[in-house]
Amino acid sequence: MELTPLKHSIPNEGLDRYTVKNNGTSDNLNEKNALPADLKNGTLQLSETKKRMSEDKESSKLPFSMLSTRNKYVLLLCCSAQMFSALAFAIIAPFYPHEAEKKGLTSTQIGMVFSVFELVNVLMSPVIGNYLTRIGARFVFISGVFLAGATTIIFGVLGQCPYGTSFFVMSLIVRALIALGFCAFSVANFAIVSSEFPSDAATVFGVLETMQGVGMLSGPLFGSFLYELGGFGTPFYSLGGLVLVCDVLIFFFLPETAEPKQDYSISVLTVSKFPLVILSMFNIIAVSLGIGFVDATMSLRLQDKFGLNVALIGLIYAISPAIYGLSMPVWGFLVDRVNIKYPLVTIGLMGCIIGFLVKAPCPWPAILPVELWTIIVGSIVHGLSMGPLSIGSTKCLITAILEKGYSDNFETFSIVSGLFCFSLSLGAFIGPLIGGFLIEHLGFPVSCSIIGLIHIPNLILSAGYFTHRHRAEKTSWETITRLTN
């Protein structure tokens, strides 16, 4: 029996593919040495080998000093856009709920304003990802950044809206337009950098997430400072202007992306049926659901329970994003160099559960006191857990698609980017929506515990499925070793 490597192989995963050429020997194999089903069908995934790891390290473009001028421009501009847009997105968290209450909005309506951003992303991310190569990634990227910056400035005018329904409706509309711009550039951004750095996809993704974390960290701080300095409109005018300046730089300096004509053999609907894709999407949803819940609910808790001012609220908000963003390159590097994505996902889910249970301890039973220090400790644990869960799940998403035989080209990474942004946005949409509802009826401690316990089904499914895959890969490797010796 002769094993011939296929032309395509999966980068960074050490999973080579093989076709089986039957020379008449397979019929004589006894039942004990019978080939597994995957090999009978013509493909077999092998576990990671030293040879493959060496090839991946040699093909790596990082560190930064080794990048070409083109790669440096792409990375710097994409990171800048990610940071400034995340910063503009996050500025409303410390002060908008308080302003909205003064305008007559309920907690549920405030949650809807936060959630509409993610609803637009949920609806549009798969569409943009599916058609990105048709439209052009550079055009989508530049247009999205422009729309996000311009509408952020417009949001600042809403402070002049009348009390009640008018303020609520206009907040929804303008927030939805900001979301459309953010969605367009985010999908294009992840696709561009993944295509430019295919051998370091997780590492570069970690760098982008760090920039987003810096933006999410700086947003509440800048937002609260500028709000105290000049009122409701000042944060939006300032940061929306920064986004537009960044867009001008992108327009003149971002190189054209290499987008060869494709036969469009891959689609969102096709890959979304793969088991590992589904599981990875649920885990990414869990990450953003927790973030969305905290963004929409914690500021009122800190203000009402502990009497903190907007500046201190912004500082506490910054804890989780800071830890998350700063740790992402480390997790990305580890996932690209060592095959530990499954343990990272499992550890991340466990950490998220603990973080939420500590952040606002449930009064039944009252094991921990409801104090400011529990919120801070819970935020630290949550921030440490989001990184491995996000990076590990994203790497699983890429693996699930590439191991089905799809090439690691721009079209594939566009689909991956669309699925990632869809999952991230769906969780961030659900988080504020159910958060506002739970806060109104159950209070913050019980609501926080419920959000933490939501992660338990993900943990059980992930641990079970990853164990099954590990055993299957080990069995396949042992079979190949036995047949080739």
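For every chain, the first residue of the written sequence is number 1, and numbering continues from 1 onward in sequence order. The predicted origin of the model limits local features to residues at a pLDDT of at least 70 and limits the giving and counting of side-chain atom pairs to 80 or more, whereas totals for whole chains, interfaces and linings rest on all residues. Hydrogens and water molecules were not included; the side-chain quantities draw on all heavy atoms of the structure.

1. Some details on the overall build of the protein
Next up, step 1: Secondary structure elements are defined from DSSP: runs of H or I of at least 4 residues count as helices, runs of E of at least 2 residues count as strands, and each element is numbered from the N terminus. Looking only at helices and strands, one finds 18 helices and two strands in the protein.
Next up, step 2: The classification of residues rests on relative accessible area computed with a 1.4 Å probe and restricted to protein chains. Under 20% of the type maximum is buried, over 50% is exposed, and intermediate values are partly exposed. When burial is assessed residue by residue, the protein has 56% of its 485 residues classed as buried.
Next up, step 3: A contact between two residues is defined here by any heavy atoms of the two lying within 4.5 Å. Within the protein, contacts between residues separated by at least 24 positions form 84% of all contacts whose residues are at least 6 apart in sequence.
Next up, step 4: Shrake-Rupley sampling with a 1.4 Å probe provides the accessible areas, and residues are treated as covered by the protein chains on show and by no other component. Accessible surface computed for the protein: about 19800 Å², of which carbon and sulfur atoms make up 67%.

2. Describing the environment of Leu384
Next up, step 1: Positionally, Leu384 belongs in helix α15 (residues 372-402).
Next up, step 2: When its relative accessible area of 46% is taken as the criterion, Leu384 is described as partly exposed.
Next up, step 3: Leaving out residues up to four positions away in the same chain, Leu384 has contacts with Ile323 and Trp331.

3. Side note on the pattern of salt bridges
Next up, step 1: Think of a salt bridge as a Lys or Arg side-chain nitrogen and an Asp or Glu carboxyl oxygen that are within 4 Å of each other. For the structure shown, the criterion picks out two salt bridges.
Next up, step 2: Of the charged contacts in the structure, one is a salt bridge between Lys102 and Glu99, with a shortest N-O distance of 3.3 Å. Residue Lys102 and its partner Glu99 are both found in helix α4 (residues 96-102); the two are separated by three residues, about one turn of the helix.
Next up, step 3: Salt-bridge contacts for Arg469 lead to Glu403; the nearest nitrogen and oxygen are separated by 3.0 Å. A residue pair is termed long-range when its members are at least 10 positions apart, and Arg469 in helix α18 (residues 455-484) and Glu403 in the loop between α15 and α16 (410-442) qualify at 66 residues.

4. So, helix α7 (residues 165-196)
Next up, step 1: The span you would expect from a helix comes to 1.5 Å times its residue count less one. Helix length check: α7, at 32 residues, gives a terminal C-alpha distance of 46 Å against a target of 46 Å (1.5 Å per residue), a fit within 8%.
Next up, step 2: By the criterion of burial, α7 is predominantly enclosed, with 24 of the 32 residues buried.

5. Some thoughts on the packing of aromatic side chains
What characterises a pair of aromatic rings is the spacing of the ring centres plus the angle enclosed by the ring planes.
Next up, step 1: Two aromatic rings, drawn from Phe, Tyr or Trp (for Trp, its six-membered ring), form a pair once their centres lie within 6.5 Å of each other, and the interplanar angle then sorts them: stacked below 30 degrees, edge-to-face above 60, tilted otherwise. For the structure on display, the rule yields 16 aromatic pairs.
Next up, step 2: By the ring-pair criterion, three or more aromatic residues cluster together here, those being Phe95, Tyr96, Phe155, Phe167, Tyr227, Phe232 and Phe236.
Next up, step 3: In this arrangement the basic side chain of Arg138 is found over the ring face of Phe251, its NZ or CZ atom lying 5.9 Å from the centre.
Next up, step 4: Lysine NZ or arginine CZ positioned within 6 Å of the ring centre and within 35 degrees of the ring normal marks a charge as sitting over the ring. Residue placement shows Lys341 over the ring face of Tyr342; its charged tip is 4.7 Å from the ring centre.

6. Looking at a nonpolar patch on the surface
Next up, step 1: Every patch collects residues that have over 30% relative accessible area and no salt bridge, joining them within 9 Å if they carry like charges and within 5 Å if they are nonpolar side chains (Val, Leu, Ile, Met, Phe, Trp, Tyr). A grouping of Tyr73, Val245, Val248, Leu249, Phe251, Phe252 and Phe253 is seen on the molecular surface, where their side chains present a nonpolar patch of about 710 Å² in accessible area.
Next up, step 2: Secondary-structure assignment places Phe253 in helix α9 (residues 233-253).

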